[in-house]
Amino acid sequence: MSVIQLSKVSKRFGGQEVLSALSLSVRQGEFFTILGPSGCGKTTVLRLIAGFEQPDEGHIKLEQTEISKTRAEFRPVNTVFQSYALFPHMNVFENVAFGLKMAKVPKAEIRGRVEEALAMVQLKDFSDRRPDQLSGGQKQRVAIARAVVNKPKVLLLDECLSALDYKLRRQMQIELKQLQRQLGITFIYVTHDQEEALSMSDRVLVMHKGSVQQIGTPREIYEAPSNLFVAQFIGEINVFEGLVEAELPDYSYRVRLAHGGVREVRSDFRFAQGEAVHILLRPEDLRIHYPRTGESPPGFQGKVIERNYTGKTLDSLIQLESGQQLRASEFFDENDPDFDYRINESVWVDWVHGWEHVIPQRPTEHA
Ligand code: ATP
């Protein structure tokens with residue numbers, strides 16, 4: 001069941017359209033992430049849901065009730081900001097209790113609920129501290145406790161971990177996800193960090209220039225991007241250009257590659273004969289073959305121009321004869337003689353049939 005629904009929402013600031021007929025539906029209890037580059041309109045979507053902005057066109061519904069005109073304080077929605085926005089003169093307990101006091105919740109009940117919220121974010125023993133006596137991670141935990149203590153239907157989180165250092169951020173990502181599961185509250189999380197979006201979310205909305213590019217599970221977004229923008233924004237991708245020569249049975253096509261050669265590929269898209277396509281391959285889907293004597297390896301010939309050992313993987317940059325550069329990432333296996341190749345060495349690059357993701361070069365409707 002959907003808890004938040006935006007239908008054809010448009011928003012302009014000073015004549016500039018920052019959201020164009022944007023539609024989305026967030027399901028009850030899910031961790032939904034809005035991901036996109038800086039300035040694409042992510043925060044504006046959150047502010048519209050929170051009631052800090054009004055849409056110029058379109059509808060916003062919370063559990064089937066139109067809320068576009070409902071004032072922010074009457075929406076069962078709370079926001080956690082990157083800047084924490086804690087009251088500096090109040091201690092941790094008072095900060096978390098503030099909303100309950102305003103709502104005239106009985107004093108005895110407030111104590112229990114605040115203690116419960118602080119325990120959830122592991123700050124039980126910090127009740128008496130003021131915000132300036134806390135670390136960044138602890139302040140963010142207070143802000144989260146304050147936002148969940150009155151049990152909103154939806155929690156909006158705006159880049160709320162981005163001020164934290166990498167390690168703390170990773171830890172808070174896990175804690176947030178666990179907290180969301182424990183509370184069963186719908187979280188709508190905004191970030192421009194793809195790794196964060198993929199690792200935390202049930203579903204991800206990828207935005208670009210005020211419109212939806214794709215909505216899907218992290219796996220769908222990563223493995224089956226609906227267009228080149230999504231493919232390139234989410235991680236690294238190798239793109240081969242080709243022309244469809246013939247349709248084959250079982251969702252397959254024969255494609256002539258711009259590099260020369262013909263490949264049989266599979267796709268969920270339907271293509272016409274002669275249609276231009278992009279064949280997309282993640283670095284981990286490429287295979288590098290080391291030419292041993294007497295062998296004629298499959299794929300494209302190229303030269304290794306960079307190699308990086310990352311601990312888990314060996315990442316190579318390979319330049320094909322056409323000049324195109326490919327990124328390949330292989331799990332490191334010190335017993336495999338194929339890992340012997342060096343910079344400037346000739347290799348053949350190929351991919352496992354069926355691992356490619358093929359999309360049309362023409363613009364597509366978002367999935
Ligand atoms: P970031 O990741 O940098 O926070 P974002 O994707 O959240 O970016 P928004 O903050 O939603 O983007 O802004 C979208 C566009 O709307 C930007 O071009 C921004 O400058 C503009 N904008 C946002 N708020 C206002 C405002 N109150 N007045 C004028 N322009 C605004």
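Residues numbered from 1 in each chain as written. Predicted model: local features only at pLDDT ≥ 70, side-chain atom pairs only at ≥ 80, totals over all residues. Heavy atoms only, no water.

### Some points on the overall build of the protein
Selection criterion: Strands are runs of DSSP state E lasting at least two residues, helices are runs of H or I lasting at least four, and both sets are numbered from the N terminus onward. In what follows, a contact means two residues having at least one pair of non-hydrogen atoms within 4.5 Å. We get accessible surface area from the Shrake-Rupley algorithm with a probe of 1.4 Å; when it comes to residues, only the shown protein chains can shield them. Neither His nor the chain ends is counted toward charge; the positive residues are Lys and Arg and the negative residues Asp and Glu. A charge is said to be at NZ when it belongs to Lys, at CZ for Arg, at CG for Asp and at CD for Glu.
For the protein, the helix and strand inventory stands at eight helices and 20 strands. Considered along the principal axes of its C-alpha atoms, the protein spans approximately 85 × 50 × 35 Å. Of all intrachain contacts in the protein linking residues separated by at least 6 positions in sequence, the fraction that spans at least 24 positions is 66%. Surface accessibility of the protein: about 18,400 Å² in total, with carbon and sulfur atoms responsible for 49%. Each charge class in the protein was averaged separately, 45 positive and 49 negative side chains, and the resulting centres sit 9 Å apart.

### Re the pattern of salt bridges
This is how the line gets drawn: Any Lys or Arg side-chain nitrogen found within 4 Å of a carboxyl oxygen on Asp or Glu counts as a salt bridge. Here the term buried applies to any residue with accessible area under 20% of the maximum for its type, exposed to any over 50%, and partly exposed to those in between, with areas from a 1.4 Å probe on protein chains only.
Under the counting rule described, the total for this entry stands at 22 salt bridges. When the shortest N-O distance is used, the salt bridge between Glu115 and Arg111 registers 3.1 Å. Here the residue Glu115 and the residue Arg111 both occupy positions in helix α3 (residues 107-120), the gap between them amounting to four residues, near one helical turn. With a relative accessible area of 45%, Arg111 lands in the partly exposed category. Where Glu236 meets Arg327, a salt bridge forms, and the shortest distance between an N and an O atom there is 3.1 Å. One end of the pair, Glu236, is in the loop between α8 (228-233) and β11 (238-248); the other, Arg327, is in strand β18 (residues 325-331), and 91 residues separate them in sequence. In this structure Arg327 comes out as partly exposed when scored by relative accessible area, which is 40%. A single network of salt bridges, built from pairs that share partners, joins Lys11, Arg47 and Glu53.

### Looking at unusual backbone geometry
Phi at Gln64 is positive, roughly 75°, even though this residue is not glycine. Of note, Asn344 is a non-glycine position whose phi angle comes to about 80°, a positive value. For Asn344, a relative accessible area of 53% puts it in the exposed group.

### Some words on helix α4 (residues 136-148)
So the rule is basically this: Multiplying 1.5 Å by the residue count of a helix minus one yields the expected span of that helix.
Look at α4: 19 Å from first C-alpha to last across 13 residues, which is about the 18 Å you get at 1.5 Å a residue. Extensive coverage of α4 is indicated by the burial of 11 of its 13 residues. Listing the buried residues of α4 in full gives Gly137, Gln138, Gln140, Arg141, Val142, Ala143, Ile144, Ala145, Arg146, Ala147 and Val148. Contacts made by the buried residues of α4 are with β6 (77-81), α2 (92-102), α3, β7 (154-158) and α5 (166-183).

### Quick word on the sheet that holds strand β4 (residues 57-62)
Condition: A pair of strands is labelled paired if DSSP reports no fewer than 2 bridges between them. Fitted lines through C-alpha atoms give the axes, limited to the stretch in contact for helices. The angle between two N-to-C directions lies from 0 to 180 degrees.
As summarised here, the arrangement of the four strands in space is β2-β1-β4-β5, forming an open sheet in which the pairing is antiparallel. Among the strands making up the open sheet, the edge pair consists of β2 (16-27) and β5 (65-66). By the bridge criterion, five bridges tie strand β1 (residues 2-13) to β4 in an arrangement that is antiparallel. Residue pairing in the sheet places Leu6 in a bridge with Ile60 of β4. Of the strands in this sheet, β1, β2 and β4 are in contact with helix α1 (residues 42-50), which crosses β1 at around 115°.

### Describing the packing of aromatic side chains
Note the cut-off: Aromatic pairing here means that ring centres of Phe, Tyr or Trp (its six-membered ring) are within 6.5 Å. Orientation follows from the plane angle: under 30 degrees is stacked, over 60 is edge-to-face, and everything else is tilted. Both a distance and an angle decide whether a charge sits over a ring: NZ of Lys or CZ of Arg must be within 6 Å of the ring centre and within 35 degrees of the ring normal.
Counted by the stated rule, this structure contains 10 aromatic pairs. Judged by centre distance (5.3 Å) and plane angle (40°), the rings of Phe240 and Trp351 are tilted. On the criterion of sequence distance, the pair formed by Phe240 in strand β11 and Trp351 in strand β19 (residues 346-351) is long-range, its members being 111 residues apart. Look at Phe240 and you get buried, because its relative accessible area is 0%. Counting every residue linked through ring pairs, the aromatic cluster contains Phe31, Phe187 and Tyr189. The side chain of Arg263 reaches across the aromatic face of Trp351, ending 4.0 Å from its centre. Lying across the ring of Tyr222, Arg282 places its NZ or CZ 4.1 Å from the centre.

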